[in-house]
Amino acid sequence: MSTFRSLRVRNYRLWAAGALVSNVGTWMQRTAQDWLVLTHLTDHNATAVGIVMALQFGPQLALLPFTGLAADRLNRRKLLMATQAAMGLLALGLGVLTLSGAAQLWHVYVFALLLGCVAAFDAPARQTFVAELVSEADLSNAVALNSTSFNAARMVGPAVAGLVIAGTGPGEAFLLNALSFLAVLAALACLRQGELFARGGTAAERRGSLMEGFRYVWARPDLRALLAMLFLVSTFGLNFPIFISTMSVSAFHGGPGQYGLLSSVMAIGSVTGALMAARRAQPRFGVLMVGSVVFGLGCLAAALMPNVIGFGMTLVAIGVAAQTLTTSTNSLVQLSTDPALRGRVVAILLAILLGSTPLGAPVVGWVADTFGPRWALGVAAAAGLGSAAIGLRYLVRHRGLRLLREGRRLRCSVQPVACANAVSAAVPAEQGGAAR
């Protein structure tokens, strides 16, 4: 099966090209923003970086009652044009403020909060809009290719940002990000609306509150387990701006070039993980288990590395594992969810993936400041292994996982359950709601 099969669709090709340019700019801004706070506005204060992350991703939780409903009820293309334009203007404003020399820490806090509010509406609409660009058969592949684009940009964006910061300063990186939004706006404007796929679900079916999404998730043991695993890893494990910046500055005494390079090195693993997900015909729950274990062990190894080269090598493995977790979870959830509720369920997923950062980032930043960045990575390692434990509990309780002895060998036995595997449940779930 072709890894890039979704690119055969014209609308998806346009979207993917615009998104790639915008994603490069986004990673430039994230890198420049963290460096601005860590080295220009504070004296290597990791807690301040954690607060910025909390303000930027906190609205995913605070605005959850509205963002999923907007993705289900509004025209997603028009909604995305509005949110992308607003984020471009915010990047422009922060860039002008920084270049003028007037930027203060509280300014960055305010811009991070405003960007988070806009992104809270943008994210579920962007994720579920993919279902309008490709057929259901290619949805898993398209989701994985979106992640590939995002993480390919992670290889380029931080490295370019490091060069821009070293050459001129972080303000220029913010301006370049503002320009990058023009690409995705142009792509949205050029889509052939007559070739968009049906959203699924009538207007009447799409009515209802966010609670409909919560009830739907609660009735599905597979979704509960997936989201619980994601919550633990995203809260305490996916705080890479803190891990990489503090290890680069405090443990390895590097400058912006080294920080950008380490971020790009990790993206190599992320792109690899996304391409592996794109090549799979369907995502599987067992892959998430492996990803959680590798993530935990990878963070533990990173915490113990004595030099920057070894640390960079472990970042590749961590990137593969993290991308396997997030991409496979996204695909499993979208494929198994009733299309009429997809926006609300994806909003819940994104609130967990991004909105849990306000809970974990300050804690991880405090651990890095108080005990050192290696201990912060230890927290991430515990989160990964804890996520694997949640997945194991689900397999034992709901899929009858057992160890069977065959002569001198042991093998795992898993009983097929209709709702246990999100992909096998995809057809009945989309025809009639939650699988029983």
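Computed from a predicted model, the values in this text were never measured in an experiment.

Q: So what's going on with the nonpolar core? Residues and values would help.
A: Core analysis: the largest hydrophobic core is formed by 90 residues, its most contacted members being F240, F285, F295, F311 and I318. When residues in this core are grouped by element, the largest group, nine residues, is from helix 16 (residues 342–355). Those residues in contact with I318 that sit more than four places away from it in its chain are F240, M266, F295, G298, C299 and A302. Judged by nonpolar contacts, the second largest core, of 24 residues, contains A70, L79, A142 and V184.

Q: Lay out the packing of aromatic side chains in plain terms, naming residues and giving numbers.
A: Within the structure shown, the criterion is met by six aromatic pairs. Look at W15 and F129: their rings are 5.6 Å apart centre to centre, the planes differ by 70°, and that puts the pair in the edge-to-face class. Taken together, the residues W15 in helix 1 (residues 10–41) and F129 in helix 6 (residues 105–133) connect sequence positions 114 residues apart. On the basis of relative accessibility, which here comes to 2%, the residue W15 falls in the buried class. Both rings, one in F252 and one in F311, keep their centres 5.6 Å apart while their planes meet at 50°; by these two values the pair is tilted. Separated by 59 residues along the polypeptide, F252 in the loop between helix 12 (240–251) and helix 13 (256–279) and F311 in helix 15 (residues 308–336) bring together distant segments of the chain. For F311, a relative accessible area of 0% gives the class buried. By way of ring pairs, the aromatic residues F240, F243 and F295 are connected into one cluster.

Q: For helix 8 (residues 170–190), give the residues involved together with the corresponding values.
A: Turn by turn, an α-helix covers 3.6 residues, leaving residues three or four places apart pointing in a common direction. Between its first and last C-alpha, helix 8 extends 32 Å over 21 residues, near the 30 Å set by a 1.5 Å rise per residue. Those residues of helix 8 that sit buried are P170, G171, A173, F174, N177, A178, S180, F181, V184, L185, A187 and L188.

Q: Please set out the layout of surface pockets residue by residue, giving values where relevant.
A: Approximately 210 Å³ is the volume attributed to the largest pocket. L64, F214, V217, W218, L223, R224, L227, A228, F231, I348, A351 and I352 are the residues that line the largest pocket. At the level of elements, helix 10 (210–218), helix 11 (221–236) and helix 16 are the ones that each hand at least two residues to the lining of the largest pocket. In terms of residues, the lining of the largest pocket owes the most to one element, helix 11, which gives five residues. Along the lines of polarity and charge, the residues of the lining of the largest pocket split into eleven nonpolar, no polar and one charged. Estimated volume of the second largest pocket: approximately 160 Å³. In this structure, the second largest pocket is lined by P221, R224, A225, A228, I390, R393, Y394, R397 and H398. When residues of the lining of the second largest pocket are traced back to their parent elements, those giving at least two are helix 11 and helix 18 (373–398).

Q: Lay out the environment of S6 with the relevant residues and their values.
A: Examined against the element boundaries, S6 turns out to sit in the segment before helix 1. S6 sits in the buried class, given a relative accessible area of 0%. Linking S6 and S135, residues 129 residues apart in sequence, is a C-alpha distance of 8.9 Å. Once residues within four sequence positions are removed from consideration, S6 is found in contact with Y12, V134, D138, N141, A142 and L145. Engagement of the side chain of S6 in a polar contact is seen with the backbone oxygen of D138, the distance being 3.4 Å.

Q: Could you give me a rundown of the pattern of salt bridges, with the residues and numbers involved?
A: Counted according to the given criterion, the structure contains five salt bridges. We note a salt bridge from E132 to R76, for which the minimum N-O separation is 3.2 Å. Note that E132 is positioned in helix 6 and R76 in helix 5 (residues 76–99), a separation of 56 residues in sequence. By the burial criterion, E132 is buried, and R76 matches it. Note that R126 is salt-bridged to D122, the shortest N-O span being 2.8 Å. Residue R126 and its partner D122 are both found in helix 6; the two are separated by four residues, about one turn of the helix. Residue D122 is classed as buried on the basis of its relative accessible area, which comes to 1%.

Rules used throughout
Residues numbered from 1 in each chain as written. Predicted model: local features only at pLDDT ≥ 70, side-chain atom pairs only at ≥ 80, totals over all residues. Heavy atoms only, no water. Core = buried A, V, L, I, M, F, W, Y, C linked by side-chain atoms within 4.5 Å. Buried < 20%, exposed > 50% of the residue type's maximum accessible area, 1.4 Å probe, protein only. Helix = DSSP H or I, 4+ residues; strand = E, 2+ residues; numbered from the N terminus. Contact = heavy atoms within 4.5 Å. Phe/Tyr/Trp six-rings, centres within 6.5 Å; stacked < 30°, edge-to-face > 60°. Expected span 1.5 Å × (residues − 1). 1 Å grid on protein atoms, 1.4 Å probe; cavity = no way out; pocket = protein on both sides within 12 Å on 5 of 7 lines; lining within 4 Å. Points joined across faces, edges and corners; volume = space filled by probe spheres on them. Nonpolar A, V, L, I, M, F, W, Y, C, P; charged D, E, K, R; others polar. Polar contact = N/O pair within 3.5 Å; in protein donor to acceptor, adjacent residues only side chain to side chain. Salt bridge = Lys/Arg side-chain N within 4 Å of Asp/Glu carboxyl O.

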